[in-house]
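What follows is each chain in one-letter form.
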Amino acid sequence: MTRRDNGDFYVFKRGNSWTARVRLPADPTTGKRSRKSFSAPTKKEAVAKARAFQKILEQGISTETRELPLSVYMPTWVDGHVLSEGLGESSRMSYQQMVKKILACIGNYQIKNVTPLVLDKLLLIDESVTQITVRRYTLLKSMFADLVLRGELESSPFNRHKTPKKPPIKEARHMETDEIVELLAAVDGSSIENLTKFLLGTGVRIGEALGLRWADIDLDGPIPIVSIRRSLRTNEGKAVFTDLKTKNSRRSIELSQALVDVLNAQKLTLDAMSIVREGWQDSGLVFPNTVGGPQDVRNIRKVWDKKLKDTSLTDVTFHTCRHTHASLSLMKGESIFTISRRLGHSDAALTMNLYSHLMRDQQSIAATAMDEFLVKSV
């Protein structure tokens, strides 16, 4: 049965799929109005696709999209894609950064003129194929698949192009014991001392630490915990808080007594700064900037690089602290499942791929586990 919806389209079910049919603006010559159909397994998906297409029409973009250059169509398509897929602010910003790179390379090409040779240019943005290379490629491929689905194109140039292979996941760089000591000595007494200790002690990402609020921390319960619920990113010079995307990335982390002491020291530091710093704003952040507001990650990195400049740790980053936390936990016998949950990975398989090299020597334990039963008494 046909069902009218708010807006200039209607929705109906045919077999096992739903279709949302949009009425296009009247042809200026004939006055007739044609229609565009969007099908999906669920009603919600079909409606989302129709609304995304309506957004394009509302912005005055011609329905003859194959004639448009990528630079005109792709930014609008990405906005619609984020909306229709129900993606968060973090994904939107990531896509926007990828779109900038794509358009700087091939943005002047009309959609109809994007060929496999043009796609080769896209792959040459980076010196070698990286994870971000594949992600850009996949995003553009999704756009063309959507154009084919909508009937704007008969086929996608990606059908005749070999998809680049994802590069193998590199072994995670972690610090040895002497390097950890050197790092802590380098940041001792600095504005990033407590932040560095927190990163090492929890394994959280830098953005998650900078987005942390005191309201997310419980130091007085039987088990001190910190709840990771959001992240801070810098987008075009502005601090943006984004909710974490997946169920596993939204997590609670148990704190050691040493970390409780670090957080209590951080609280005392902020209390003192609130008194002496002019223009102080109480944002409730655990690791704010010098006047209490959200940090700019770029400024934090400058302090980090300055402190490590004269050490042997010039290749160490904030993310190295995360890998070090996971590596040391694994080497001390913590289960891969617990580490995966603590890091907020999507699944334990990702954790295994990152840290499998640390488990090679542990096979000797399994190899000898049954020896006491298998070796006969003399």
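Here we take up the overall build of the chain. Looking only at helices and strands, one finds 15 helices and 9 strands in the chain. Sorting the 378 residues of the chain into buried and exposed places 43% on the buried side. Considering only contacts in the chain between residues 6 or more positions apart, those separated by 24 or more positions represent 58%. Roughly 21,500 Å² of accessible area belongs to the chain as shown, and the carbon and sulfur atoms make up 51% of that amount.

Among the residues of helix 4 (residues 116-123), P116, V118, L119, L122 and L123 are the ones counted as buried. Projected onto a plane normal to the axis of helix 4, the buried residues spread over an arc of 155° and lie on a single side.

Taken together, the 3 strands give an open sheet; going across it, the order is 5-6-9, and neighbouring strands pair in antiparallel fashion. In the strand order of this sheet, the two ends are held by strand 5 (217-218) and strand 9 (251-254), each with one partner. Pairing geometry for strand 6 (residues 225-228) and strand 9, over 4 bridges, is antiparallel. Paired with S227 across the strands is S252, a residue of strand 9.

Working note: a packed helix pair is described by the angle between its axes plus the distance between those axes. One way to put it is that helix 2 (residues 70-84) packs onto helix 5 (residues 131-149) with a least axis distance of 11 Å and a crossing angle of 90°. The pairing of helix 2 with helix 5 is recorded here as roughly perpendicular in orientation. Contact residues: L70, Y73, M74, W77 and V78 in helix 2; L139, L140, S142, M143, F144, D146 and L147 in helix 5. Looking at the contact of helix 2 with helix 5 residue by residue, the class counts come to 10 nonpolar, 1 polar and 1 charged.

In this section: the layout of surface pockets. The space that makes up the largest pocket amounts to roughly 1,600 Å³. Along the walls of the largest pocket sit 43 residues, with S94, R135, R205, H319 and R322 positioned nearest its centre. Listed by contribution, the elements that provide at least two residues to the lining of the largest pocket are helix 3 (89-106), helix 5, helix 8 (206-210), strand 7 (230-235), strand 8 (238-243), helix 10 (297-308), helix 11 (318-331) and helix 13 (348-355). Split into classes, the residues belonging to the lining of the largest pocket amount to 14 nonpolar, 18 polar and 11 charged. The space that makes up the second largest pocket amounts to roughly 520 Å³. Taken together, 26 residues make up the lining of the second largest pocket; nearest its centre are G201, E254, L259, H325 and R342.

In total, this model carries 5 aromatic pairs according to the counting rule given. Relative to F158, the ring of F144 has its centre 5.8 Å away and its plane inclined at 55°; by these criteria the two rings are tilted. Of this pair, F144 sits in helix 5 while F158 sits in the loop between helix 5 and helix 6 (177-187); the two residues are 14 residues apart in sequence, bridging distant segments of the chain. According to the relative accessible area criterion, F144 is buried, its value standing at 0%. Members of the aromatic cluster, joined through ring pairs, are Y137, F144 and F158.

By size, the foremost hydrophobic cluster in this structure holds 36 residues, and its most contacted members are L183 and F198. Only helix 6, helix 7 (193-202), helix 8, strand 6, helix 9 (257-276), helix 10 and helix 11 provide two or more residues apiece to this core. When residues no more than four places from it in sequence are discounted, the contact partners of L183 are M175, T196, L200, W304, L308, L313 and C321. Core analysis: the next-biggest nonpolar cluster, separate from the first, contains 27 residues, V78, M98, I111 and L119 among them.

For S283, the position within the fold is in the loop between helix 9 and helix 10. It is 7.7 Å that separates the C-alpha atoms of S283 and P294, two residues lying 11 residues apart in sequence. Apart from residues lying up to four places away in sequence, S283 is in contact with P288, G292 and G293.

This part is about the environment of D315. With respect to the element layout, D315 can be found in the loop between helix 10 and helix 11. Judged by relative accessible area, which is 45%, D315 ranks as partly exposed. Sequence spacing of D315 and D305 is 10 residues, and the spatial spacing of their C-alpha atoms is 9.7 Å. With sequence-adjacent residues up to four places away left out, D315 is seen in contact with R173 and T320. At 3.0 Å, the side chain of D315 forms a polar contact with the side chain of R173.

With that settled, consider the pattern of salt bridges. Summed over the entire model, instances satisfying the criterion amount to 10 salt bridges. Note that R173 and D315 form a salt bridge whose closest N and O atoms lie 3.0 Å from each other. Remark: D315 occurs in the loop between helix 10 and helix 11 and R173 occurs in the loop between helix 5 and helix 6; sequence separation between them is 142 residues. In this structure, the salt-bridge partner of R251 is E208, at a minimum N-O distance of 2.8 Å. Of the two residues, R251 is situated in strand 9 and E208 in helix 8; the sequence distance between them amounts to 43 residues. Note on R251: relative accessible area 5%, which makes it buried. A residue is classified by how much of its surface remains accessible, and E208, at 2% relative accessible area, is buried. When salt bridges that share partners are traced, they join R66, E67 and K112 into one network.

Rules of the game
- Residues numbered from 1 in each chain as written.
- Predicted model: local features only at pLDDT ≥ 70, side-chain atom pairs only at ≥ 80, totals over all residues.
- Heavy atoms only, no water.
- Helix = DSSP H or I, 4+ residues; strand = E, 2+ residues; numbered from the N terminus.
- Buried < 20%, exposed > 50% of the residue type's maximum accessible area, 1.4 Å probe, protein only.
- Contact = heavy atoms within 4.5 Å.
- Areas by Shrake-Rupley, 256 points an atom, 1.4 Å probe, with all protein chains shown as cover.
- Arc of directions from axis to C-beta.
- Pairing = 2+ DSSP bridges.
- Axes fitted to C-alpha atoms, helices over the stretch in contact; angles between N-to-C directions.
- Parallel < 35°, antiparallel > 145°, perpendicular 65-115°, else oblique.
- Nonpolar A, V, L, I, M, F, W, Y, C, P; charged D, E, K, R; others polar.
- 1 Å grid on protein atoms, 1.4 Å probe; cavity = no way out; pocket = protein on both sides within 12 Å on 5 of 7 lines; lining within 4 Å.
- Points joined across faces, edges and corners; volume = space filled by probe spheres on them.
- Phe/Tyr/Trp six-rings, centres within 6.5 Å; stacked < 30°, edge-to-face > 60°.
- Core = buried A, V, L, I, M, F, W, Y, C linked by side-chain atoms within 4.5 Å.
- Polar contact = N/O pair within 3.5 Å; in protein donor to acceptor, adjacent residues only side chain to side chain.
- Salt bridge = Lys/Arg side-chain N within 4 Å of Asp/Glu carboxyl O.

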